[in-house]
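Architecture and fold: a report
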Amino acid sequence: MTSNPQKPSFKTDRSRLFKDRFAQFGITSGGVMVLVALLLIFFYLLYVVQPIFESAKVEKRVDIALSAEKRYFALGVEEQTEIAYLLDNTGQVDFYQVKGDGAGELVSTLQTKLDGQITSFAKSAPFLGQYAYGLDNGQVQILKPNFVVTFPGNQRVMKPRLGYPLAGQQLLVDEQQQALKKFAFSHYEDKTAVVALTADKRVIFASFAAEENMFTGELEWQVTRTELPIDGRIDDLLISPDTTRTFVRSANQIYIFDTRFADDVKQFQLLAANEENANLVSMALLAGANSLMLANDNGEVSQWFEVNTDAGREFAKIRAFDSDKSKHMKVHSEFYRRTFFTTTEKGELGVYYTTSEAELWRGKVADQAIDAFAISPRANAALLLTGNQVSVFEIHNEHPEVTWSALWQEVWYEGYPEPAYTWQSTSASDDFESKFSLVPISFGTIKAAFYAMLFAVPIALSAAIYTAYFMSSELRRVVKPTVEIMEALPTVILGFLAGLWLAPLIESHLPAIVALLLLLPLAILGTALGWTKLPKAIRHLVPDGWHSILLIPVVLLVGWVSFAMSDVIEGWMFGGNVRQYLTNELGLTFDQRNSLVVGIAMGFAVIPTIFSIAEDAVFSVPRHLSNGSLALGATQWQTLVRVVLLTASPGIFSAVMMGLGRAVGETMIVLMATGNTPIMDWSIFQGMRTLAANIAVEMPESEVGSSHYRILFLAAFVLFIFTFVFNTMAEFVRQQLREKYSSM
Amino acid sequence: MVRQWFKSGSPWIWMTGGAVSISLISVLGLLAMIAWKGLSFFWPSEVVEMHLQGSVQKQTVIGEIYDRELVPKSRLEATGLDFSNHPGEYIERLLVKTGNREYVELDFRWILSTDIQSQSKPAQIAVFERTKNGNFYGYVERVIRDGQVVTDNPVEALEEMVERAVELNDEALDLQNGEIGHINYELERLRLKERAYQLDDELTPEIIADLEAQRAALREEYKVLEKTLFELRNGAKRDEVVVRDMRGEEVTLPLYQVLDFWFPNDMGFFAKVGHYMSQIGKFISDDPREANTEGGVFPAIFGTVFMVMLMAVIVTPFGVVAAIYLHEYAAKNAVTKMIRIAVINLAGVPSIVYGVFGLGFFVYMLGGSIDALFYPEASPSPVFGTPGVIWSALTLAILTLPVVIVSTEEGLSRIPSTVRHGSLALGATKAETLWRIIIPMASPAIMTGLILAVARAAGEVAPLMLVGVVKMAPTLPLDGNFPYIHLDRKFMHLGFHIYDVGFQSPNVEAARPLVYATAFLLVTVIIALNITAIGIRNHLREKFRALEN
């Protein structure tokens, strides 16, 4: 071994360096990952919300050639959009595979049982999936193509069938057994009705009631027939699925009949419904059967529904959509939603949504006339019959009901007397028209925050000013944490107290609350004045900056007096019951859980936030500023108002912003202390529903991926952005202030 | 003089002082009220027997007086009652809890003091706490042991018999939840195993036979246990007590429904204190009964603590690493400053927004993917793709991350740079300085952040309503079945318990005292945590102030 004198080595051990690098890498990547995760909230919310603002897409899936000899009346498709069926003019139903490898294959052909020659054809409302042939003997046969699904060897196999909702019995519409030229029908639950035009130009409304024969168990039909008095040519016939309304179009006139009672059919209204300088070309009922869609030859499609007017219920024109100019335009509705489609003889297709007044898609999809059109039950595919070819289109139209205007503007919903802001997201029925106006719940949020701030800001700021500027320092050390500990109090407890203790208390002692508001300042002023009159010896017993401790018994006393007097005042001024007085004399509705309760409870939750930040701001105003002012002869109060508050004002602003941010997003208090009804009214005696409470109430029940779900995410996103912006503003102002102070 | 006084600004100073008084009164008053209402619930109140006649039929009412209020005479007269021979403007009205829910229409009723002909507090009135239908008030008439009337010191015998019945019931419950629950759990696991084999197309006859054998063994075991269970239950049904209630009718109470009984009017102060303590003990350690309106809150306490601990385990490392990165490694530029502001502001984002994020991202996206990858056999019922305790913990971890980051960073920035420089000058690497010097010095700050985070998480309810809390969880997230910790289970939470019992329960009046007690428990925990955090922070500030000088 060579003797190497020990030299001090300044080289760091490799492994230590490695560890250092490793730590740096680990911490940096970990830290960045955490920050990215926080960023993720923003992007994830956006990612969920974004699809509702996408417009519809229509893409061709496949073209299927049909045999050239056949003439088809109508077509349809089952729920999985795998097998389509076509009904032809001989009563045959052809089933074609329209998805996957076997697309274009004829699966089977079934023959409808018919007793008579086919003279006409009609289809039901889309969601019923029924079709009917009108015959030369005045009879109608209703059929419904359906599928038997089996799973041999874990493989789904669908076998087409023809079902007969009336067990194969044909309905005799015309007792004179004239051929039916045109007809419309509906068979839904226990209601069955047909309206038909016979060969000798009579229009017959026939209502069928099934009765089971007690002995044989067979169905027997009780038929009530009425001839409808209509002059002129008959173009279109329609019956609403529940058979309460029947529509007959004669050129530009729509005869509407009230057919609720089969033995008392009467004309409901006669509409001259064409647009100016245009003629009607077709009509259709929208899903839910409340709205009538009328197509004009100038391309306008108008929506009409019943509205309460001075003259009773009447169909009125609600809105119109611009579509393609066409003499043969047809309107088709979806199963459950308020989407409708227009097709023309030039191969043009239009997709619209009525509630949101949206034109979702328009384009040319074929080179020749579209003879028949069908939408799939899930509204994700459309089938077009053009000549002897069926074209299948994929339709991506998940959220037609959401547009900017539907969310934020007044919308005229079906059955409403006028356009309104309404939030009503769900209902029991499938064909419910969702009402997604964010206005009432945003209004509720602002209202709740407003009343909370009204209560919190004066108290919190005054208390902060006193604590920071006048209070003796030993007292301040106790008072500040005491108020701040409130910030940690779970809001669920505040909400519970507000809902179960404060709300009944306010209800029974409303005069006490008003009296407290009036008496408290007076009592404080009185005490202050009284204090100056006291002999100096007593006054000097209490050190400066202890006013608030002196005032505690005063406030308690005033509170006690107000509540003790409450019943007396109530009996004396309001006839013993303020609630009744408010409702009867002033016409105000009084909810037990109202804005006053929310204002106080939420104000309470906000006070510590505002107090803490504002107090810091005032307290850290450099002392030499106020000392200078005092030395120049200003009073304490003058110094406070002209020097200290002015300097601290950005900090106070930031405190209020932070408080507002908290009030806007508070959930539990509003949830528990209001009735959660989405109404728009500034009244302090009524409740509201806020964005946050709305999410808490409806989120657990909303279906993942639905428009409702995404709109709730949008509400969360709005809250996120709103509070984030406000807080950032406040934080920025505070940082500026800190720099300003440090330079003073 | 007064004008001058106003000009001096002194009245306004008093006004601001008044605001402080109002804040103080409301804070302290609120806490005092919760404490009073929550704690007084357990005190055995005296039971009054009242003979009524007047505006109501002649009858006897036995019950606890819950509340008193004064009603203006005019309002009562409006309902058609006559009070012409009563002086004064007001009439006192008492809210009486009569119990005996199955025999009377309402177990809480208002009684006008004018109707009370006479009232007394007989020492013999007993209160029975029951598993069903709430309390029962009445006189003990006969004690029946196994069909035989006990004549020799019946009260003592009753005490011993109630104890026996409670013990047997407990044993039966333990058996049911423990061993029988275990068998059911195992059966379900076998079903999932079989389904998994089936999905992989590996279900051979041998495996089927094996599974069948296991099943048969479990069923055999079950039969034995079931027999024991029925024996225990039947044993508990042996005794009963006959009680005369306020209608004067004799009612037989089977003892297996009785949890406890006492004679409130016959108790001395120390007996009452003892009873009070045992009631508090039961409240903390028992399961809830009767749609959460009676019994204890143990599962809610357990769920809250478990979820919060899980959250603490998740949030601490991430929060600390992020803070160290921001303070020690990130470049000191505008971007870092912006990130810092953004992190601070995330603390102000409404908690419900985190709930929405947790539901969408964790539950549906992450949970759904986990189910699709690892639990195809459970389909269509979700395992992790549904709200559960792990998602709640994760959501709250994200919610409280800013708290931990801000607090840790504050701690880091309080460490004087001289300490850091000293360490580096002595040749330590940055990592070593961090690990040996900085983190130990910052550890109280980390602790503070953690405590604040825990306090905030324990009180949050809104996001939990979306990501995992339920009103009644049949099983705890921790039990004796493999894998012992069930992160996918739903859990109960004190805050949600308050919301649920106070607002969703059918009998709010009966449940209200329980809600106050729960609220008091929650407030105590949270305020204690906060005070600890503040204490640590102040201590820390002092310490480093000393170091700087």
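As a convention, each chain's residues are numbered from 1 in the sequence order in which they are written. For naming, the first written chain is A and the first written ligand is 1, with later ones following in the order written. Per-residue local features are limited, in this predicted model, to residues with pLDDT of at least 70; the limit for side-chain atom pairs, both in listing and counting, is 80 or more; totals at the level of whole chains, interfaces and linings are taken over all residues.

**A closer look at the overall build of chain B**
Short version of the rule: Numbering of helices and strands runs from the N terminus; a helix is a DSSP stretch of H or I covering at least four residues, while a strand is a stretch of E covering at least two. We compute the radius of gyration over the C-alpha atoms and compare it with the globule rule, which gives 2.2 Å times the number of residues raised to the power 0.38. Labels follow a simple rule on C-beta atoms placed from the backbone: if 20 or more others lie within 10 Å of a residue's own, it is buried; if 12 or fewer, it is exposed; otherwise it is partly exposed. Note that contacts rest on C-beta atoms placed from the backbone: two residues are in contact if these are within 7 Å.
Secondary structure assignment for chain B yields 15 helices and 13 strands. In terms of overall size, chain B is more extended than a compact globule, its C-alpha atoms giving a radius of gyration of 31 Å where 549 residues would be expected to give roughly 24 Å. Evaluated residue by residue, chain B yields a buried proportion of 38% over its 549 residues. Sequence separation of at least 24 residues holds for 72% of the intrachain contacts in chain B that already meet a minimum separation of 6.

**Focus on the UniProt feature "transmembrane region" (unreviewed entry) in chain B**
All names here are of chain B. Where we set the bar: UniProt positions are given in the numbering used here, feature names are shortened, and annotations may be inferred rather than shown by experiment.
According to UniProt, the feature "transmembrane region" (unreviewed entry) maps to residues 12–36, 297–326, 338–364, 384–406, 434–455 and 514–536 in the numbering used here. Taken end to end, residues 12–36 has its terminal C-alpha atoms 35 Å apart, with 100% of it in helix and 0% in strand. Segment residues 434–455 splits into 100% helix and 0% strand. End C-alpha atoms: 28 Å apart.

**Notes on the domain arrangement of chain B**
Residue and element names in this part refer to chain B. Here is the rule we go by: In this entry, domain limits derive from an automatic or database-based domain assignment. In this classification, Asp, Glu, Lys and Arg are treated as charged, Ala, Val, Leu, Ile, Met, Phe, Trp, Tyr, Cys and Pro as nonpolar, and every other residue, Gly included, as polar.
Taken domain by domain, chain B consists of domain 1 (47–123), domain 2 (142–266) and domain 3 (299–548). Taking only C-alpha atoms, the centre of domain 2 and the centre of domain 3 are 39 Å apart. Listed by partner, the interface residues are seven residues for domain 2 and five residues for domain 3. Looking at the side of domain 2 that touches domain 3 residue by residue, the classes come out as four nonpolar, two polar and one charged.

**A word on the interface of chain A and chain B**
With 85 residues of chain A at the contact, the number on the chain B side is 75 residues. At 18 residues, helix α1 (residues 14–49) of chain A tops the list of elements feeding residues into the side of chain A that touches chain B.

**Focus on the UniProt feature "transmembrane region" (unreviewed entry) in chain A**
All names here are of chain A. Residues given the UniProt feature "transmembrane region" (unreviewed entry) here are residues 21–47, 448–471, 483–506, 512–534, 546–565, 596–619, 640–660 and 709–730. End C-alpha to end C-alpha, residues 512–534 measures 30 Å, and it is 96% helix and 0% strand. Across residues 546–565, helical content stands at 95% and strand content at 0%; the span's end C-alpha atoms are separated by 30 Å.

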